[in-house]
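Residue strings, one per chain:
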Amino acid sequence: MSKRDYYEVLGIDRNASDEEIKKAYRKLALKYHPDRNPHDKTSEDRFKELGEAYEVLMDPQTRAAYDRYGHAALGARARGPAGFHDPADIFREVFGNSSIFEDFFGGGERRAGGAQRGDDLRYDMELTFMEAAQGCEKEISVTKMGQCDTCNGSGAEQGATTKTCATCGGRGQVISARGIFSIAQTCPRCEGRGRVVDRPCRSCAGTGRRERMSKIKIKVPAGVDGGARLRSSGNGEAGLRGGPAGDLYVVLHVKRHEIFEREGDDLICEVPISFAQAALGAEVEVPTLDGTASIKIPPGTQTGVLFRLKGKGVKNVQGYGNGDLMVRVQVEVPARLNAAQRGKLEEFAKLCDENVHPISKGFFDKAKRLFR
């Protein structure tokens, strides 16, 4: 199988500097290192390929020959049984003997007792429109891993003693050889704790926690909207072997309202008015979040006109005041007329001239000009 171009392997330009080559290698070698990708043949091959590319391009002589003749120039310069240095040796040469292996591959010792933070949890909460707008307090039930009452989260029976794990020597990991690589894995005996208890708690099998249902009160601030996420600190799952608890994240889902529609902190409400109210003008009561308010409809009001009521919208969840209530009027055309009503309207229609309906006059004037 033909080899890929080494510049392509590292994702760099052909005029890349030594520092750029090294930077590209460090980034990709960490990503494809076998310790991070156990049992992954593709990553292992990629790691070897990166080592080859780095070794060739960091040597000025081999790089010059490669630039001129490609892979054919490397036959005479091959070293070792595989033609190149061990990729693991190249990795160590680049990163040195610092704590980089512990930082990236978990080689460091764990805290005494193997205490681990508990997992975060998610809870989906449904709110009515008014609960979200005005705020409320809810009590929810969550089934989760809580602290074991018998051992108070320690994972050990009363009077039990702990000692260093003989299998891993207290490191929490064991090293196993796999071909040319050494793989660090969690110790199977102490499960990464580095220490073992001679008498684990029988109630929780030494984990320090048991499944239980908890009731938690959640305070929902006024002004939240759908998709908002509330954090309840420490109400996630209990930590392992006395570790701190995780957090509970409550995701809010808000039901639609039958009257109000929300746009940010503003509310929109469509209010029907009669033909007579629109034509003659009137004072109309409209609903708000905290009761009713009055708006004045001027004579000749058309469908779709908006009236703004300042501060009658939703409270800003960050505390920046309230939004506004936008009232959009809809002129309701009479649907069922009796004989007397119909007669009056027909009489009214006969009395109307073009000045009574200026919008209609303007439209038809434009239409006439269009067809001239």
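Cut-offs applied
Residues numbered from 1 in each chain as written. Predicted model: local features only at pLDDT ≥ 70, side-chain atom pairs only at ≥ 80, totals over all residues. Heavy atoms only, no water. Helix = DSSP H or I, 4+ residues; strand = E, 2+ residues; numbered from the N terminus. Buried < 20%, exposed > 50% of the residue type's maximum accessible area, 1.4 Å probe, protein only. Contact = heavy atoms within 4.5 Å. Areas by Shrake-Rupley, 256 points an atom, 1.4 Å probe, with all protein chains shown as cover. Pairing = 2+ DSSP bridges. Axes fitted to C-alpha atoms, helices over the stretch in contact; angles between N-to-C directions. Expected span 1.5 Å × (residues − 1). Polar contact = N/O pair within 3.5 Å; in protein donor to acceptor, adjacent residues only side chain to side chain. Parallel < 35°, antiparallel > 145°, perpendicular 65-115°, else oblique. Left-handed = near helix turned anticlockwise from the far one by under 90°. Nonpolar A, V, L, I, M, F, W, Y, C, P; charged D, E, K, R; others polar. Lys, Arg positive; Asp, Glu negative; His and termini not counted. Salt bridge = Lys/Arg side-chain N within 4 Å of Asp/Glu carboxyl O. pLDDT = per-residue confidence, 0-100.

**Q** How should I be thinking about the overall build of the chain in this particular structure?
**A** Regarding its fold elements, the chain presents 10 helices and 15 strands. Here the chain holds 372 residues, and 35% of them are scored as buried. When contacts within the chain are restricted to residue pairs at least 6 apart in sequence, those whose partners lie at least 24 apart make up 65%. For the chain, the exposed surface amounts to about 23300 Å²; the carbon and sulfur share of it is 49%.

**Q** I'm lost on the sheet that holds strand β1 (residues 121-127) in this one. Help?
**A** For sheets, the rule is that strands pair by backbone hydrogen bonds, running either parallel or antiparallel. Reading across from one edge, β1-β9-β8 is the order of the three strands in this open sheet, with mixed pairing throughout. Only two strands of the sheet have a single partner each, and these edge strands are β1 and β8 (229-232). Averaged over all neighbouring strand pairs, the angle between strand axes comes to 25°, with direction disregarded. By the bridge criterion, four bridges tie β8 to strand β9 (residues 248-254) in an arrangement that is antiparallel. Directly across from Arg231, in β9, lies its bridge partner Tyr249.

**Q** Help me understand the sheet that holds strand β15 (residues 325-332) in this model?
**A** Judged by pairing direction, the sheet is mixed, and its four strands sit side by side in the order β10-β11-β15-β14 without closing on themselves. Strand pairing shows two members of the sheet lacking a second neighbour, β10 (260-263) and β14 (306-309), which therefore form its edges. Sheet twist, expressed as the mean angle between neighbouring strand axes with direction ignored, is 30°. Note that β14 and β15 share four bridges and pair antiparallel. By the bridge assignment for β15, Leu309 is matched with Leu325.

**Q** Can you walk me through helix α9 (residues 339-351) in this structure?
**A** Owing to its 3.6 residues per turn, the α-helix brings residues three or four apart onto one side. Here α9 spans 19 Å end to end across 13 residues, near enough to the 18 Å set by a 1.5 Å rise per residue. N-cap assignment for α9: the residue whose side-chain oxygen lies 3.2 Å from the backbone N of Ala340 is Asn338.

**Q** Help me understand the environment of Gly246, please; the structure alone is not making it clear to me.
**A** Counting through the fold element by element, Gly246 comes out in the loop between β8 and β9. In sequence terms Gly246 and Asn235 are 11 residues apart; their C-alpha atoms lie 6.5 Å from each other. Other than its neighbours up to four places away in sequence, Gly246 contacts Arg117, Gly118, Asp119, Asp120, Gly234, Asn235, Gly236 and Glu237.

**Q** I keep staring at the packing of helix α2 (residues 18-32) against helix α5 (residues 87-95) and nothing clicks. Help me out?
**A** The description of two packed helices rests on the angle between their axes and on the distance between the axes. Their axes nearest at 11 Å, the elements α2 and α5 cross at an angle of 120°. Compared by their axis directions, α2 and α5 come out oblique. As α2 runs across α5, the sense of the crossing is left-handed. When α2 is examined against α5, the residues Lys22, Tyr25, Arg26, Ala29 and Leu30 are found in contact with a partner set consisting of Pro87, Ile90, Phe91, Val94 and Phe95. Along the lines of polarity and charge, the residues of the contact of α2 with α5 split into eight nonpolar, no polar and two charged.

**Q** Is there a simple way to explain the side chain of Asp247 in this structure?
**A** One can find Asp247 in the loop between β8 and β9. Overall, the relative accessible area of 5% leaves Asp247 in the buried class. Excluding its chain neighbours within four sequence positions, the residues that come into contact with Asp247 are Arg117, Asp119, Asp120, Leu121, Arg231, Ser232, Ser233, Gly234, Asn235 and Gly236.

**Q** Explanation requested: the environment of Lys217 in the structure shown.
**A** With respect to the helices, strands and loops of the structure, Lys217 is situated in strand β7 (residues 209-220). Accessibility expressed as a relative area gives 58% for Lys217, which makes it exposed. Spatially, the C-alpha atom of Lys217 lies 4.3 Å from that of Glu139, the residues being 78 residues apart in sequence. Setting aside residues up to four positions removed in sequence, Lys217 forms contacts with Glu137, Lys138 and Glu139.

**Q** What exactly am I supposed to notice about the packing of helix α3 (residues 41-58) against helix α4 (residues 60-69) here?
**A** Where α3 meets α4, the closest approach of the two axes is 5 Å, and the angle between their N-to-C directions is 100°. Relative to α4, the element α3 lies roughly perpendicular. Listed contacts from α4 to Glu55, Val56, Leu57 and Met58 of α3 are Pro60, Thr62, Arg63 and Tyr66. When grouped by side-chain class, the residues that make up the contact of α3 with α4 number five nonpolar, one polar and two charged.

**Q** Would you mind going over the side chain of Lys144 with me for this structure?
**A** The residue Lys144 is located in strand β2 (residues 136-147) in this model. One buried charged side chain, Lys144, makes no salt bridge at all; its nearest oppositely charged neighbour is Glu237, positioned 8.7 Å away. A polar side-chain atom of Lys144 sits 3.1 Å from the main-chain carbonyl oxygen of Asn235. With near-sequence residues (within four places) excluded, Lys144 lies in contact with Leu121, Arg210, Glu211, Arg212, Ser214, Ile216, Asn235, Gly236 and Glu237.

**Q** What should I look at first to understand the confidence of the model for the chain in this one?
**A** Any region with low pLDDT has predicted coordinates that should not be read closely. Overall, the predicted model of the chain reaches an average pLDDT of 83, with 84% of residues at or above 70. For the stretch residues 97-113, pLDDT sits under 50, and the model shows 34 contacts to residues farther than four places along the chain or on other chains.

**Q** Help me understand the pattern of salt bridges in this model?
**A** When charged atoms on two side chains of opposite charge get close, those side chains can pair. All chains considered together, the criterion is met by 25 salt bridges. With a shortest N-O distance of 3.8 Å, Arg262 and Asp225 are connected by a salt bridge. In this pair, Arg262 sits in strand β10 while Asp225 sits in the loop between β7 and β8, placing the two residues 37 residues apart along the sequence. Residue classification places Arg262 among the buried residues on the basis of a relative accessible area of 18%. With relative accessibility at 38%, the residue Asp225 sits in the partly exposed group. Three or more residues joined by partner-sharing salt bridges are found here, namely Arg4, Glu8, Arg46 and Glu49.

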